[in-house]
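Each chain, letter by letter, is given below.
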Amino acid sequence: MIWFWRAVVLFGLLNLINLLVYDGGAGMEPVWIGIIIGSLILSFKKAYVFFFSKRWFKGLIIVGLVIFSMVELLIIMNGIGTSSKKTTDYLIVLGARVKGETPSLALQYRLDKAYEYLIEHPNTKVVLSGGQGPGEDITEAEAMRRYLKEKGILESRMILEDKSTDTVENLRNSLGLIEKEKDNASITVVTSRFHVLRSKMIARDLGKKVDGIGAETLLFLIPNYYLREFFAVVVEFMA
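Residues numbered from 1 in each chain as written. Predicted model: local features only at pLDDT ≥ 70, side-chain atom pairs only at ≥ 80, totals over all residues. Heavy atoms only, no water.

S.K.: Sorry if this is basic, but what is going on with the overall build of the protein here?
M.R.: Counting secondary structure elements, the protein contains nine helices and seven strands. Looking at the protein as a whole, 44% of its 239 residues qualify as buried. Long-range pairs, those at least 24 residues apart, make up 72% of the contacts in the protein with a sequence separation of at least 6. Here the protein has roughly 13,100 Å² of accessible surface; of this, 64% comes from carbon and sulfur atoms. (Helix = DSSP H or I, 4+ residues; strand = E, 2+ residues; numbered from the N terminus. Buried < 20%, exposed > 50% of the residue type's maximum accessible area, 1.4 Å probe, protein only. Contact = heavy atoms within 4.5 Å. Areas by Shrake-Rupley, 256 points an atom, 1.4 Å probe, with all protein chains shown as cover.)

Okay, structure coming up:
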């Protein structure tokens, strides 16, 4: 079981780096889940040996790995298969952690992707979506507005959605604002690559088909985020 505890420690370190450097909003769920599962396995070693000696249990493991691989492939392909060359009426930039008044690195990556698109497509408007959470002195929407304004994007192209606290609210509120301005508008969501698939799924559940543009994630944090996103996508699929 040494490999298991090494994995627990690895995810703990990745979460710590994420909290300090990248997003600042991720919790320590993988660590606690790993500790709980590891403790149960060590406490019930005989049960562990019993189950893994059964053919049906090994079959479940194989099925689980196949499902995991398929979901992860969809997450990866949706994150890579961006639509940055396609003209859209509105961008929606999904918020991420703001440290005081400064966008986190994760949010900066999303904003830089949005900025590139807005420069290439001068007729596209952008909805900046995100409320104010713990440790944030201003709303995420306001932090995004300031960031893009400093880079030269006109405020007349920006729409602020500053009430949402999660992805579902981000999209529901943003889609509502867009519908008030234009019927049947084409929409593209800008978020982190690992988050594109789930954002599309949520938008579909809200009755709107959207495209996606994925912003990069720090390389050494990819295992952490893509593992977490697997469970989030499964939950969204089953909802």
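Resuming the write-up.
S.K.: Got a minute to help me understand helix α5 (residues 105-120) in this structure?
M.R.: Residues three or four positions apart in an α-helix share a direction because the helix packs 3.6 residues into each turn. The terminal C-alpha atoms of α5 lie 23 Å apart, and with 16 residues this matches the ideal 22 Å at 1.5 Å per residue to within 8%. Taken as a whole, α5 has its buried residues at Ala-106, Leu-107, Tyr-109, Arg-110, Leu-111, Ala-114, Tyr-117 and Leu-118. (Expected span 1.5 Å × (residues − 1).)

S.K.: Could you clarify how one ought to interpret helix α4 (residues 55-80) in this entry?
M.R.: Compared with an ideal rise of 1.5 Å per residue, which puts 26 residues at 38 Å, α4 spans 37 Å between its outermost C-alpha atoms and is within 8% of the ideal. Listing the buried residues of α4 in full gives Phe-57, Val-71, Glu-72, Ile-75, Asn-78 and Gly-79.

S.K.: Where do I start with a nonpolar patch on the surface in this structure?
M.R.: On the surface, Leu-73, Ile-76, Met-77 and Ile-80 cluster together into a nonpolar patch covering about 400 Å² of accessible area. Positionally, Ile-80 belongs in helix α4. The exposure class assigned to Ile-80 is exposed, which follows from its relative accessible area of 56%. (Patch = residues over 30% accessible without salt bridge, like charges linked within 9 Å, V, L, I, M, F, W, Y side chains within 5 Å. Salt bridge = Lys/Arg side-chain N within 4 Å of Asp/Glu carboxyl O.)

S.K.: Whenever I open this one, the pairing of strand β4 (residues 125-129) confuses me. Can you help?
M.R.: Two faces, one strand: in a regular strand the side chains alternate between the faces of the sheet. Of all five residues making up β4, four are buried, and the element is well covered by its neighbours. Examined bridge by bridge, β4 and strand β5 (residues 158-161) share four bridges and lie parallel to one another. Looking at β5, one finds that Leu-128 is bridged to Leu-160. With helix α6 (residues 140-150) bridging β4 and its parallel neighbour β5, the resulting β-α-β unit is right-handed. (Pairing = 2+ DSSP bridges. Right-handed = clockwise from strand over helix to strand, strands pointing away.)

S.K.: Can you help me understand unusual backbone geometry in this one?
M.R.: Note: most residues except glycine have negative phi, and most peptide bonds are trans. At Asn-184, a position not held by glycine, the phi torsion is positive, near 55°. As for its position among the elements, Asn-184 is in the loop between α7 (167-181) and β6 (187-192).

S.K.: Explanation requested: the pattern of salt bridges in the structure shown.
M.R.: Pairing is possible between side chains that carry opposite charge, provided their charged atoms lie close to one another. Scanning the model with the defined rule gives 11 salt bridges in all. As a salt-bridge pair, Glu-181 and Lys-125 come within 3.3 Å of each other at their nearest N and O atoms. Here Lys-125 lies in strand β4 and Glu-181 lies in helix α7, a separation of 56 residues in the sequence. For Glu-181, a relative accessible area of 43% corresponds to the partly exposed category. Given the relative accessible area of 29%, Lys-125 is considered partly exposed.

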